[in-house]
Amino acid sequence: MAKSRKTSRAKAKETNWQERVIQIRRVSKVVKGGKKLSFRAIVVVGNENGQVGVGVGKAGDVIGAVRKGVADGKKQLIDVSLTKSSSITHLTKGISGGAKVIVRPAAPGTGVIAGGAVRTVLELAGIKNILAKQLGSNNPLNNARAVIDALEGLRTFSEVAEERGVPLEHLYT
């Protein structure tokens with residue numbers, strides 16, 4: 001009986017994570033006998049409540065690559081502080097490789113205005129009102145990582161107040 005309770009708790013823990021595959025690409029490696037084909041999967045994992053991660057998995061079959069990508073995404077998780085209107089606190093920029101992303105907070109009711117991999121990452125982070133723009137490369141992996149970079153740079157009002165050594169109320173005046 002204790003065994004079944006343990007598995008149900010583990011399943012309850014797993015179910016709040018969502019995973020979306022951004023890209024599956026067939027890649028090849030040249031070896032002595034010819035070309036060895038494998039698959040690369042880029043996966044975004046999030047709980048739509050402020051936690052999101054991007055993972056990459058490579059395997060001989062698609063299912064194995066996706067499974068490895070999900071495991072990698074769960075290792076790379078970051079926490080995003082959301083406002084009451086399910087947005088972010090301030091404008092921020094992220095860079096990864098040749099990809100640059102600008103992310104701006106938006107008014108309630110705006111929705112997620114972003115494209116491609118950026119949109120997927122923001123939705124799985126639980127952000128409902130946001131404006132985002134991809135600049136430079138349109139490589140899905142670099143754009144997803146650029147958004148993660150931008151979200152990592154976010155600071156809450158209370159963090160800023162603590163850094164400056166002033167009460168939170170003084171930030172609003």
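The structure we're discussing is the one just above.
In this text, all values refer to a predicted model and were calculated from it rather than measured experimentally.

**Some details on the packing of helix 3 (residues 116-125) against helix 4 (residues 140-152)**
- At a minimum axis distance of 8 Å, the contact between helix 3 and helix 4 shows a crossing angle of 40°. Judged by the inter-axis angle, helix 3 sits oblique to helix 4. Between helix 3 and helix 4 lies a crossing of right-handed hand. On helix 4, the residues that touch Ala117, Val118, Val121 and Leu122 of helix 3 are Pro140, Asn143, Ala144, Val147, Ile148 and Leu151.
- The residue makeup of the contact of helix 3 with helix 4, split by class, is nine nonpolar, one polar and no charged.

**So, the sheet that holds strand 6 (residues 99-105)**
- Across the sheet, which stays open at both edges, the four strands sit in the order 5-6-8-7 with mixed pairing between neighbours. Only two strands of the sheet have a single partner each, and these edge strands are strand 5 (92-96) and strand 7 (112-113).
- Pairing of strand 7 with strand 8 (residues 130-136) involves two bridges; the strand directions are parallel. Pairing of Ile113 across the sheet is with Leu131, part of strand 8.
- The sheet contacts of helix 3 involve strand 6, strand 7 and strand 8, and relative to strand 8 the element is tilted by about 145°.
- Strands strand 5, strand 6 and strand 8 of the sheet are contacted by helix 4, whose axis makes an angle of about 140° with strand 5.

**Notes on the sheet that holds strand 1 (residues 18-31)**
- Pairing is antiparallel across the open sheet formed by four strands, whose spatial order is 1-2-3-4. Edge strands, defined here as strands with exactly one partner in the open sheet, are strand 1 and strand 4 (78-79).
- Contacting strand 1, strand 2 (34-46) and strand 3 (51-59), helix 2 (residues 62-75) runs over the sheet at an angle of about 145° to strand 3.
- Packing against the sheet, helix 3 makes contact with strand 1, strand 2 and strand 3, and its axis sits at approximately 130° to strand 3.

**Looking at the side chain of Asn47**
- Summarising the element assignment, Asn47 is placed in the loop between strand 2 and strand 3.
- Since its relative accessible area comes to 16%, Asn47 is described here as buried.
- One polar contact links the side chain of Asn47 to the main-chain amide nitrogen of Asn49, over a distance of 2.9 Å.
- Here Gln51 takes part through its backbone nitrogen, which lies 3.2 Å from a polar atom of the side chain of Asn47.

**Focus: helix 2**
- Across its 14 residues, helix 2 extends 20 Å between first and last C-alpha, which sits within 8% of the 20 Å expected from 1.5 Å per residue.
- Taken together, the buried positions of helix 2 are Gly64, Ala65, Val66, Gly69, Val70, Asp72 and Gly73.
- In this fold, the buried residues of helix 2 make contact with strand 1, strand 2 and strand 3.

**Examining the pattern of salt bridges**
- Following the criterion strictly, the structure yields three salt bridges and no others.
- In this structure, Arg20 and Glu123 form a salt bridge, with 2.8 Å as the shortest nitrogen-oxygen distance. Pair noted here: Arg20 is in strand 1 and Glu123 is in helix 3, with a separation of 103 residues, a long-range link.
- Exposure remark for Arg20: the relative accessible area of 31% places this residue in the partly exposed category.
- According to the relative accessible area criterion, Glu123 is partly exposed, its value standing at 22%.
- As a salt-bridge pair, Arg119 and Glu123 come within 3.2 Å of each other at their nearest N and O atoms. Highlighted residues: Arg119 and Glu123, both in helix 3, separated by four residues, approximately one helical turn.
- The structure contains a network of salt bridges with shared partners spanning Arg20, Arg119 and Glu123.

Conventions adopted
The residue numbers shown here count from 1 along each chain, following its written sequence. Given that this is a predicted model, residues contribute local features only at a pLDDT of at least 70 and side-chain atom pairs are listed and counted only at 80 or more, while totals for whole chains, interfaces and linings are drawn from all residues. Note: side-chain values were computed over all heavy atoms of the structure, leaving out hydrogens and water. What counts as an axis is a line fitted to C-alpha atoms, over the stretch in contact for a helix, and the angles between N-to-C directions run from 0 to 180 degrees. A run of H or I in DSSP counts as a helix once it spans at least four residues, and a run of E counts as a strand once it spans at least two, with each numbered from the N terminus. Orientation categories follow fixed angle ranges, with anything under 35 degrees roughly parallel, anything over 145 roughly antiparallel, 65 to 115 roughly perpendicular, and all other angles oblique. Crossing handedness: left-handed means the near helix sits turned counterclockwise from the far one by under a right angle, and right-handed means the same turn made clockwise. For this analysis, residues touch if any pair of their heavy atoms sits within 4.5 Å. We call Asp, Glu, Lys and Arg charged. Ala, Val, Leu, Ile, Met, Phe, Trp, Tyr, Cys and Pro are nonpolar, and the rest, Gly among them, are polar. Two strands pair under a simple rule: DSSP has to find at least two bridges between them. With a 1.4 Å probe rolled over the protein chains alone, any residue whose accessible area is under 20% of its type maximum counts as buried; one over 50% counts as exposed, and the rest are partly exposed. Pairs of N or O atoms are called polar contacts if they sit within 3.5 Å, as long as, within protein, a hydrogen donor faces a hydrogen acceptor (for residues adjacent in sequence, only side-chain-to-side-chain pairs). Helix span, as expected, comes to 1.5 Å for every residue beyond the first. Whenever a carboxyl oxygen of Asp or Glu lies within 4 Å of a side-chain nitrogen of Lys or Arg, that contact is scored as a salt bridge.

Note that all results are geometric; they support no functional claim without further evidence.
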